[in-house]
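Summary of structural features
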Amino acid sequence: MVRGSGPDARVGRIVEVEAYAGEADLASHARFGRTKRNAVMFGRPGVAYVYLVYGMHHCLNVVTESEGRAAAVLIRSVEPVTGVAALRAERLRRALERADRRGPVAAARARKSIAALPDARLAAGPGLVCEAFSIDRADDGADLCDPASELRLEVDSSDEPMPAVAASRIGIEYALEPWLSVQWRFLVPGNPSLSSSRAGSVGSRG
DNA sequence: GCAAAGATTTGCT
DNA sequence: GCAAATCTTTGCC
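All values reported here derive from a predicted model rather than from experimental measurement.

**Quick look at the protein's contact with DNA strand C**
Around DNA strand C, the neighbouring residues are Phe32, Thr35, Lys36, Arg37, Leu52, Tyr54, Gly55, Met56 and Arg101. The contact atoms of DNA strand C, taken as those within 4 Å of the protein, divide so that sugar and phosphate hold 71%. Interatomic distance of 2.8 Å between a backbone N/O atom of Arg37 and a phosphate oxygen of DNA strand C. One of the backbone nitrogen or oxygen atoms of Tyr54 is found 2.5 Å away from a base oxygen of DNA strand C.

The following block contains the structure:
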């Protein structure tokens, strides 16, 4: 995944994703049909579907199926590759934004907290990916396959192929079976940039 | 028109 | 371990 170009580019490897497959998938935003929010999911593939979750965090998805079929892949975790300083700076900027509303003590805590983060943890979660890569609703509908796009997907052929295992999806307790426990989360086992908060406890059976 | 819950993260108890 | 922050969408009045 790439944001920007030249020396200022921010680049990371996607190491954890979740699939949401069509209107029948009771865990998907498409389960109630087409809405203003999920409209791009029904459009052509290779496009970014970005939405605001819990009123505060953005999540990045890649539309996957042909037009009219509402499927997408949620980018859950990214391993920073280049532009690490910029990723950290953006995390810090966002943390300070939140902390400043609670006073100087909170701001100092936020600085310390971001500074202590290992590089690998800068985009270790769907909301954090969007913070570190400055992704918001402005990117909704962007063509991720166009090399000229500010935000895009690229294949690094020099990379070793990464092993992936399947696991159950996260944060969809409202869904019914079989959608609740279908193994549609895919991750690179042991990668230091995997999301941690709920991912660990839900269990990542391979 | 209003209440409730959500594909999350953080900070305090 | 739990609640808060905060806005979009659904579902019911």
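On we go from here.
**Let's talk about the layout of surface pockets**
Reported here for the largest pocket is a volume of approximately 730 Å³. Considering the residues around the largest pocket, the lining is formed by 34 residues, among which Tyr51, Val53, Tyr54, Cys59 and Pro126 are closest to the centre. Those elements giving two or more residues to the lining of the largest pocket turn out to be strand S2 (10–21), strand S3 (48–53), strand S4 (57–63), strand S5 (71–82) and helix H3 (126–132). Its residues placed into classes, the lining of the largest pocket shows 16 nonpolar, 12 polar and 6 charged. Taken as a whole, the second largest pocket spans an internal volume of roughly 530 Å³. Along the walls of the second largest pocket sit 22 residues, with Arg13, Ile14, Glu154, Asp159 and Met162 positioned nearest its centre. Taken together, the elements giving at least two residues each to the lining of the second largest pocket come down to S2 and strand S8 (185–187). Per-element accounting of the lining of the second largest pocket gives the leading share, 7 residues, to S2. Split by residue class, the lining of the second largest pocket holds 15 nonpolar, 1 polar and 6 charged.

The rules behind the values
Residues numbered from 1 in each chain as written. Chains lettered and ligands numbered in written order. Predicted model: local features only at pLDDT ≥ 70, side-chain atom pairs only at ≥ 80, totals over all residues. Heavy atoms only, no water. Near = heavy atom within 4 Å. Polar contact = N/O pair within 3.5 Å; in protein donor to acceptor, adjacent residues only side chain to side chain. 1 Å grid on protein atoms, 1.4 Å probe; cavity = no way out; pocket = protein on both sides within 12 Å on 5 of 7 lines; lining within 4 Å. Points joined across faces, edges and corners; volume = space filled by probe spheres on them. Helix = DSSP H or I, 4+ residues; strand = E, 2+ residues; numbered from the N terminus. Nonpolar A, V, L, I, M, F, W, Y, C, P; charged D, E, K, R; others polar.

Take it as geometry only, folks, not as evidence of what the structure does.
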